[in-house]
Every structure is written in C-alpha cells, then in structure tokens.
Amino acid sequence: MTQVVTPQQIESRLYQLSKEVDTAHQELVSCEMSYHTAVADYEIGLAKSRLELAGRSSPTGRNYTVGEREDIALVANAEKHMVIATEEAKVKASRANVNRLQTQVKIAQSMSASVRASMEIS
C-alpha cells in the first residue's frame, strides 16, 4: 500500500530540511575552525619541541638524530595530536551530515516534481 504525499507535505519537509541544512552548515564551520586551530597549536608545539632538542645531546652524549627528535616531539605533544584526531573525526561526521541532508533535499525535490506531474495527469 502506498501513501499519498501532498504538495504541502513536501513543502513542509523542504522547509524543515532548509533549517537543518543551515544548522548543519554552522556546525561544520565550527568543527572546521576547531580542527584548524588544533592543527596550528599542534604544529607550533612540535616546532617548539624540535627546537628545544636541536642543541641538546641524548643521555649517551651523542646528538639526537632527526628521527629521534621527531619522535620525542611527537610524544611531548601527544595530547595535542589526540585533539587533532578527535576534531578531524568531528569534521568528517559534520560533512557526512551535510551530504545526508543534501541527498534528502534532492529526494524531496524529486518527489515534488513527481507529485506535480501526477496532479497534472489527473
């Protein structure tokens, strides 16, 4: 059994989706800002850590290798690295939500065209 969809229902759904798209866009903007801020903080932290290690020697008395400096800098900034991973996941989820809403809008628009065509035939 199929349910009859009225033009008013489609119009109402499109109106609701437009509000959801606006909200999702604002959420995505916020997530992107948080992500890029976290990346900048992390990169600055890494640079500071590498610079601190540049003039120091390891406990064995030899200079740290480039790889060792990178590893030590990463460990020193592990918390910032985790923040970036979390923020990146939020950005991806927000983008997926925006895409989901765009798909729903396209479906509603297709249904609207179909309902109009059905009404013209009747």
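The shown structure was predicted, so the numbers you read here are calculated from the model rather than taken from an experiment. (Residues numbered from 1 in each chain as written. Predicted model: local features only at pLDDT ≥ 70, side-chain atom pairs only at ≥ 80, totals over all residues. Heavy atoms only, no water.)

Peer 1: Looking at this model, I keep getting lost on the pattern of salt bridges. Mind explaining?
Peer 2: Side chains that carry opposite charge are capable of pairing whenever their charged atoms lie near each other. What the rule picks out here adds up to 7 salt bridges. For the salt bridge of glutamate 68 with arginine 62, the shortest nitrogen-to-oxygen distance reads 3.0 Å. Put simply, lysine 90 and glutamate 87 hold a salt bridge, and the shortest N to O gap is 3.6 Å. Note that lysine 90 and glutamate 87 are positioned in helix α3 (residues 78–121) at a spacing of 3 residues, about one turn of the helix. Using a relative accessible area of 40% as the deciding quantity, one classes lysine 90 as partly exposed. Of the residues examined, glutamate 87 reaches a relative accessible area of 13% and is grouped as buried. (Salt bridge = Lys/Arg side-chain N within 4 Å of Asp/Glu carboxyl O. Helix = DSSP H or I, 4+ residues; strand = E, 2+ residues; numbered from the N terminus. Buried < 20%, exposed > 50% of the residue type's maximum accessible area, 1.4 Å probe, protein only.)

Peer 1: Just to check I follow, could you spell out the packing of helix α1 (residues 7–54) against α3 for this structure?
Peer 2: The description of two helices packed together rests on the angle between their axes and the distance between the axes. The contact between α1 and α3 brings their axes to 8 Å, and the two run at 160°. Here α1 lies roughly antiparallel to α3, going by the angle between them. Crossing angle aside, the handedness with which α1 passes α3 is left-handed. When grouped by side-chain class, the residues that make up the contact of α1 with α3 number 22 nonpolar, 9 polar and 11 charged. (Axes fitted to C-alpha atoms, helices over the stretch in contact; angles between N-to-C directions. Parallel < 35°, antiparallel > 145°, perpendicular 65-115°, else oblique. Left-handed = near helix turned anticlockwise from the far one by under 90°. Nonpolar A, V, L, I, M, F, W, Y, C, P; charged D, E, K, R; others polar.)

Peer 1: Looking at this structure, I do not really get the environment of arginine 13. What am I missing?
Peer 2: Locating arginine 13 in the fold gives a position in helix α1. Since its relative accessible area comes to 29%, arginine 13 is described here as partly exposed. For the pair formed by arginine 13 and glutamine 104, sequence separation is 91 residues and the distance between their alpha carbons is 9.5 Å. Leaving out residues up to four positions away in the same chain, arginine 13 has contacts with Glu20 and Gln104. (Contact = heavy atoms within 4.5 Å.)

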